[in-house]
Amino acid sequence: MRFSVLTLFPEMFSALRVGGIVKRCVDRKQLSIDTVDIRAFATDRHRTVDDRPYGGGCGMVMKPEPLVAAIRHAKEKHPEDRVVLLTPQGRLLDQGLTKELAECSGLVLVCGRYEGVDQRVRNRWIEDEISIGDYVLTGGELAAMVVIDAVTRMIPGALGNACSAEDESFSTGLLEYPHYTRPRSFEGDGVPEILMSGDHGRIEQWRRRASLIETLMKRPDLLQTAALESGDVTFLETLYRELETIMDKLR
Ligand code: 4GX
């Protein structure tokens, strides 16, 4: 996977090289992250990259010329790479979109600053618009890093260990079950006995049910789209009936 990042603040992306899985993938050449400084493509003496909006109003707009020169530069080497703009107006990033992006050979991530980019650049050059959530950032850089991070862990072998990103929460569409490690007793709190039983069938069932309960309590909306098995529905029906019995007595 290849990322070309177009930004006015290329130094921000050094955060990805400090440590962790993204750095390891870069070191192993499973991933490349090239930053392109948009300001380097400004041609005037002040290296201007923004200008006032036509029609008036507050804030500035990114000028088309340096931005398009930067996009052309990134596309030159790899014309097949998809040009993506980070913006609150984009498709909401979720695990499905992350998987879709991971199938691309390369992405050109365009990080906007100010009020945004000239609409003509969007019309001609932007192939996809992505949002990392319904809130407003001061620039696209952190959003681009979120995309890089989430897409990187979908690269086959990226997570290093034998487990794949596939068996975790969100690939099932459910929240993760609770995790425990040593010590067996921590400040008086123990670990669910079943996890120490060595009975892998029952452990798997406990974890699945814990995931279902976690999802029901914290993100019930996810149950609507999760890949539920018939045993899951049976378990949820059991919970439902148990609650009904309790409620009947309370009322
Ligand atoms: N998920 N922002 C981009 C400037 C901007 C506006 C419009 C292009 C077009 C954001 C988000 C986000 C703030 C990044 C506005 N650039 N990006 N920036 N949420 O809030 O991705």
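Quick notes on the rules
- For every chain, the first residue of the written sequence is number 1, and numbering continues from 1 onward in sequence order.
- Note on the predicted model: pLDDT of at least 70 is required for a residue's local features to be given, and 80 or more for side-chain atom pairs to be given and counted; whole-chain, interface and lining totals, by contrast, use all residues.
- The side-chain values count all of the structure's non-hydrogen atoms but skip hydrogen atoms and water molecules.
- Counting from the N terminus, the helices are the DSSP runs of H or I reaching at least four residues and the strands are the DSSP runs of E reaching at least two.
- Atoms considered for the radius of gyration are the C-alpha atoms alone. The globule rule reads 2.2 Å times the number of residues to the power 0.38.
- Relative accessibility under 20% of the residue-type maximum defines a buried residue, over 50% an exposed one, and the middle range a partly exposed one, all with a 1.4 Å probe and only protein chains included.
- Strand pairing requires that DSSP identify at least two bridges connecting the strands.
- Definition of nearness: a residue and a molecule or strand are near each other if at least one heavy atom of the residue lies within 4 Å of the molecule or strand.
- Whenever a nitrogen or oxygen atom comes within 3.5 Å of another N or O atom, the pair is scored as a polar contact, on the condition that within protein one atom can donate a hydrogen and the other can accept it, and that pairs from neighbouring residues in sequence are kept only if both atoms are in side chains.
- Throughout, the Shrake-Rupley method with a 1.4 Å probe supplies accessible areas, and for residues the shown protein chains are the sole cover considered.
- We call two residues in contact whenever any of their non-hydrogen atoms come within 4.5 Å of each other.
- Seen with the strands pointing away from the viewer, any crossover whose path from the first strand over the helix to the second strand runs clockwise is right-handed.
- Axis angles are defined between N-to-C directions and span 0 to 180 degrees, where every axis is a line fitted to C-alpha atoms and, for a helix, only to the segment in contact.
- To estimate how far a helix should reach, multiply one less than its number of residues by 1.5 Å.

It is worth spelling out the overall build of the protein at this point. Each helix and strand in the protein was counted, giving seven helices and seven strands. Scanning the protein from its N terminus toward the C terminus, one meets helices and strands in the order β-α-β-β-β-α-β-α-β-α-β-α-α-α. Whereas a compact globule of 251 residues would reach a radius of gyration of roughly 18 Å, the protein reaches 24 Å, over 25% beyond that. C-alpha extents for the protein along the principal axes are approximately 75 × 50 × 35 Å. In the protein, which comprises 251 residues, the share counted as buried stands at 37%.

The next thing to look at is the pairing of strand 1 (residues 2–7). In terms of residue burial, strand 1 counts as a mostly covered element, since six of its six residues are buried. Side chains R2, S4 and L6 of strand 1 all project onto a buried face; the interleaved residues F3, V5 and T7 project onto the opposite face, where all are buried too. Two strands pair when backbone bridges link them, and strand 1 and strand 2 (residues 32–37) are joined in this way by six bridges, in the parallel orientation. Bridge assignment links F3 to a residue of strand 2, and that residue is I33. The pairing of strand 1 with strand 6 (residues 106–111) spans five bridges and is parallel. Note that in strand 6 the partner of F3 across the bridge is L107.

For the rest of this paragraph, the subject is the site of the ligand. Around the ligand lies a shell of 19 residues, among which P88, I132, G133, Y135 and L137 are the nearest. Note that a nitrogen atom of the ligand is positioned 3.1 Å from one of the backbone N or O atoms of G133. Take Y135: an N or O atom from its main chain is 2.9 Å from a nitrogen atom of the ligand. In isolation the ligand has 460 Å² of accessible area, and contact with the protein removes 96% of it. Secondary-structure elements contributing two or more residues to the shell around the ligand are strand 5 (82–92) and strand 7 (128–131). Looking at the shell around the ligand element by element, the count peaks at four residues for strand 5.

Okay, the environment of H73 next. With respect to the helices, strands and loops of the structure, H73 is situated in helix 2 (residues 64–77). On a C-alpha basis, the gap between H73 and E100 in space is 25 Å, while along the polypeptide they are 27 residues apart. Once residues lying within four places of it in the same chain are set aside, the contact partners of H73 are V36 and F41.

We now examine the pairing of strand 5. Sheet topology note: the strand 5/strand 6 ladder contains five bridges and is parallel. When the sheet's bridge partners are listed, V84 is paired in strand 6 with L109. With respect to chirality, the unit in which strand 5 leads through helix 3 (residues 95–102) into the neighbouring parallel strand 6 is right-handed. With five bridges joining them, strand 5 and strand 7 adopt parallel strand pairing. Paired with L92 across the two strands is S131, which belongs to strand 7.

Looking now at unusual backbone geometry. Omega for the bond connecting R182 with P183 falls within 30 degrees of zero, at 5 degrees, which places this linkage in the cis form. Take P183: it is sitting in the loop between helix 5 (141–152) and helix 6 (200–218). In this structure, K29 takes a positive phi of about 65 degrees despite not being glycine. Judged by its relative accessible area of 73%, K29 falls in the exposed class.

A few words now on the sheet that holds strand 7. As a general point, the strands of a sheet are linked pairwise by backbone hydrogen bonds and lie either parallel or antiparallel. If you walk across this open sheet you meet the five strands as 2-1-6-5-7, and the pairing is parallel. Edge positions in the sheet fall to strand 2 and strand 7, since each of these pairs with one other strand and no more. Between one strand and the next, the sheet's axes are offset by a mean angle of 35 degrees, whatever the strand orientation. The sheet contacts of helix 3 involve strand 5, strand 6 and strand 7, and relative to strand 5 the element is tilted by about 170 degrees.

So, about helix 5. The end-to-end C-alpha distance of helix 5 is 16 Å, a good match for the 16 Å that twelve residues give at a rise of 1.5 Å each. Where burial is concerned, most of helix 5 is hidden: nine out of the twelve residues are buried. Considered for burial, the residues of helix 5 that qualify are E141, A143, A144, M145, V147, I148, A150, V151 and T152.

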